[in-house]
Amino acid sequence: MRNHPLKPFPKDFLWGASTSAYQVEGAWNEDGKGPSVMDVAKHPKEVTDFKVASDHYHRYKEDIALFAELGLKAYRFSISWSRIFPEGTGEVNQKGIDFYNNLINELKKHHIEPVVTMYHFDLPYALQKKGGWLNRETIEAYENYAKTLFENFGDRVKYWLTINEQNVMILFGELLGTVDRNAENPKKELYQQNHHMFVAQAKAMILCHRMLPDAKIGPAPNISAVYPISPQPEDVLAAHTFSSLRNWLYLDAAVFGRYNSTVWSYLEKKQAIPEIQDGDMAILKEAKPDFIAFNYYSTMTVGANLPQKVSNNVREDQQMAFEEPGFFKGHPNPNLPKTEYGWEIDPVGLRTTLREIYERYHLPLLITENGLGAQDRLEEGDVVNDDYRIDYLQKHIEQCRLALDDGVELIGYCPWSAIDLVSTHQGISKRYGFIYVNRDEFDLKDLRRIPKKSFYWYKKVIASNGEDLTNE
Ligand code: BG6
């Protein structure tokens, strides 16, 4: 029995919702935008590409009016790098600047705080052709891009996120197309890319503090607590290794400016130590984030793995643990239900994850993604009864409150996604939004916007500052 009332959500808590540019905007080649790696990515034939997406580029005013009706205090979106720099570097595309100026002004008009991801998977294709993150010059291109964003939008944007899910790009590089599967040692290439992203991120944080002393900037990896499959010491050790590799490598570098020792030793064994130039580690040390943003969908469960076991190395999905001979092997967690896409649902795991991050780094935390992908059905009378989504979000918000009560400094919650958008690799049928977008994989229909049942529920949650989570 509890002998005290739970601490309330702070008064200025950032109740928000998230999207990313390539998944929501469309207009993939309009107004001078250059192609990004996502625009040229191959798609399975049964799912749509990102060319039109939710057509937010043309309908942002209507969308933001709905976000205002929902009561959002914050909107986390990403800026498309190749809309600002069609070639990744060089000439600025003024129309790209204009679009985000208009978007930010519209948000401000409705008193919605913009939370800007500077880079969400969509590297300009022109840079990819020159080697992408494997090429050290991409660090400079990113720093220059960051400077342009701070100069143009820094007077209105207070919260900046450097890179979305750098860990997912490295751990699932083959899935996201960030590495060539046939490279001689893909791991070596991936961890070299990773190092360049660390330096780029650090430079952006330093620059942000120099140019915008009142702004706040932080990383945005995908973090989840890792459970051992059993209390056997070998399984516990394997869970520790996996957590270092999946979680702590990224946050240790961003916050402490150093490589995680367990991961370093793993990289030595895999002949995947990155080349580090003189001065790189000093840059990492100098850079300090103001907060940690992270995306959370589920936890991972792993056990020990025999060294001789041949790994099939299949990495199905960013939310599923995988295997490494001699290190760890992912297992389903028999205690957890799953979404229709096979992702385990673990609200209590969010509380554990929040505690783990906070105890380790002692920085304010911002949840920038959390949500349920489902094949919603538009019913007669323009109704979407997504009670399963309400149930998911309600249970996760409950755990946020408990984590606050545990002493975690949580400053906001921005579920995925504000509006329906195209999933990273499973099309538009896998929906996450509070607002339904009327289109199918290949039939664009009228793209009309329809608030779902979860929209009205979240509106009530926000209006009551998280006190009323009931679904009535
Ligand atoms: C995160 C990404 O990994 O998960 C988003 O930051 C993504 O871009 C989200 O859409 C949900 O994943 P998916 O694969 O269902 O789109």
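Residues numbered from 1 in each chain as written. Predicted model: local features only at pLDDT ≥ 70, side-chain atom pairs only at ≥ 80, totals over all residues. Heavy atoms only, no water.

1. Things to note about the pairing of strand β11 (residues 365-369)
In regular strands, side chains alternate between the two faces of the sheet.
Right, so step 1: The buried count for β11 comes to five of five residues, which makes it a mostly enclosed element.
Right, so step 2: Of the pairings in the sheet, the one linking strand β7 (residues 292-295) to β11 comprises four bridges and is parallel in character. Its bridge partner being in β11, Ile 292 is matched across the sheet by Leu 365.
Right, so step 3: Relative to strand β12 (residues 410-413), β11 runs parallel, the two being bridged by three bridges. In the strand pairing of β12, Leu 365 is matched with Leu 410.
Right, so step 4: In this view, the connection linking β11 to its parallel neighbour β12 by way of helix α15 (residues 387-406) has right-handed handedness. (Buried < 20%, exposed > 50% of the residue type's maximum accessible area, 1.4 Å probe, protein only. Helix = DSSP H or I, 4+ residues; strand = E, 2+ residues; numbered from the N terminus. Pairing = 2+ DSSP bridges. Right-handed = clockwise from strand over helix to strand, strands pointing away.)

2. Notes on the sheet that holds strand β3 (residues 113-117)
Right, so step 1: Strand order in the open sheet formed by eight strands is β5-β4-β3-β2-β1-β12-β11-β7, and the pairing between neighbours is parallel. Of all strands in the sheet, those with a lone pairing partner are β5 (216-220) and β7, marking the two edges. Pairs of neighbouring strands in the sheet enclose a mean axial angle of 30 degrees, with direction left out of account.
Right, so step 2: This element, helix α5 (residues 94-109), spans β2 (74-78) and β3 of the sheet and lies at about 170 degrees to β2. (Axes fitted to C-alpha atoms, helices over the stretch in contact; angles between N-to-C directions. Contact = heavy atoms within 4.5 Å.)

3. Section: the site of the ligand
Right, so step 1: Neighbouring the ligand are 16 residues; Gln 23, Glu 165, Thr 424, Lys 430 and Tyr 432 lie closest to it.
Right, so step 2: One of the side-chain N or O atoms of Gln 23 is found 2.8 Å from an oxygen atom in the ligand.
Right, so step 3: One of the side-chain N or O atoms of Tyr 432 is found 2.5 Å from an oxygen atom in the ligand.
Right, so step 4: For the shell around the ligand, the per-class residue count stands at five nonpolar, eight polar and three charged. (Near = heavy atom within 4 Å. Polar contact = N/O pair within 3.5 Å; in protein donor to acceptor, adjacent residues only side chain to side chain. Nonpolar A, V, L, I, M, F, W, Y, C, P; charged D, E, K, R; others polar.)

4. Things to note about the pairing of strand β4 (residues 159-164)
Right, so step 1: Burial within β4 is extensive, with six of its six residues counted as buried.
Right, so step 2: Direction of pairing for β3 relative to β4: parallel, over a ladder of three bridges. Its bridge partner being in β4, Thr 117 is matched across the sheet by Leu 161.
Right, so step 3: With four bridges joining them, β4 and β5 adopt parallel strand pairing. Considered in β5, the bridge of Trp 160 is made with Ile 217.

5. Section: helix α11 (residues 233-256)
Right, so step 1: The terminal C-alpha atoms of α11, which comprises 24 residues, lie only 29 Å apart, well short of the 34 Å expected from a rise of 1.5 Å per residue.
Right, so step 2: If you look at α11, its biggest bend is around 50 degrees, right at Trp 248.
Right, so step 3: Of all 24 residues that make up α11, 18 are buried, and the element is covered over most of its length.
Right, so step 4: Just downstream of α11 lies Gly 257, where phi reads positive at about 70 degrees. (Expected span 1.5 Å × (residues − 1). Bend = angle between axes of the 7 residues up to and from the residue.)

6. Looking at the packing of helix α14 (residues 347-361) against α15
Right, so step 1: Taken N-terminus to C-terminus, the directions of α14 and α15 make an angle of 30 degrees; their axes are 8 Å apart at the nearest point. One way to sum up the angle between α14 and α15 is to call them roughly parallel. Seen along the crossing, α14 lies across α15 with a hand that is right-handed. Residues Pro 347, Val 348, Leu 350, Arg 351, Leu 354 and Arg 355 of α14 form the contact with α15, whose participating residues are Lys 395, His 396, Gln 399, Cys 400, Leu 402, Ala 403 and Asp 406. (Parallel < 35°, antiparallel > 145°, perpendicular 65-115°, else oblique. Left-handed = near helix turned anticlockwise from the far one by under 90°.)

7. Side note on the packing of α5 against helix α7 (residues 137-153)
Right, so step 1: Between α5 and α7, whose axes approach to 11 Å, the crossing angle comes to 50 degrees. Accordingly, the angle class assigned to the pair α5 and α7 is oblique. Between α5 and α7 lies a crossing of right-handed hand. On α7, the residues that touch Ile 97, Tyr 100, Asn 101 and Ile 104 of α5 are Thr 148, Asn 152 and Phe 153.
Right, so step 2: Here the residues of the contact of α5 with α7 are counted per class, giving four nonpolar, three polar and no charged.

8. Considerations on the sheet that holds strand β10 (residues 328-330)
Strand pairs in the sheet, formed through backbone hydrogen bonds, run parallel or antiparallel to each other.
Right, so step 1: On the basis of which strands lie adjacent, the open sheet formed by four strands has the order β6-β8-β10-β9 and mixed pairing. The open sheet has two edge strands, β6 (226-228) and β9 (323-324), and neither has a second partner.
Right, so step 2: In this structure, strand β8 (residues 300-303) lies alongside β10, joined through two bridges in antiparallel fashion. Along β10, the bridge assignment pairs Val 302 with Gly 330.

9. Things to note about the pattern of salt bridges
Right, so step 1: Inspection of the entire model under this criterion finds 31 salt bridges.
Right, so step 2: Between Glu 25 and Arg 83 there is a salt bridge; the shortest N-O distance is 2.9 Å. With a gap of 58 residues between them, Glu 25 in the loop between α1 (21-24) and α2 (37-40) and Arg 83 in helix α4 (residues 81-84) connect regions that are remote in the sequence.
Right, so step 3: A salt bridge links Lys 203 to Glu 143; the shortest N-O distance between them is 3.8 Å. Linking Lys 203 in helix α10 (residues 186-211) with Glu 143 in helix α7, this pair joins segments that are 60 residues apart in sequence. (Salt bridge = Lys/Arg side-chain N within 4 Å of Asp/Glu carboxyl O.)

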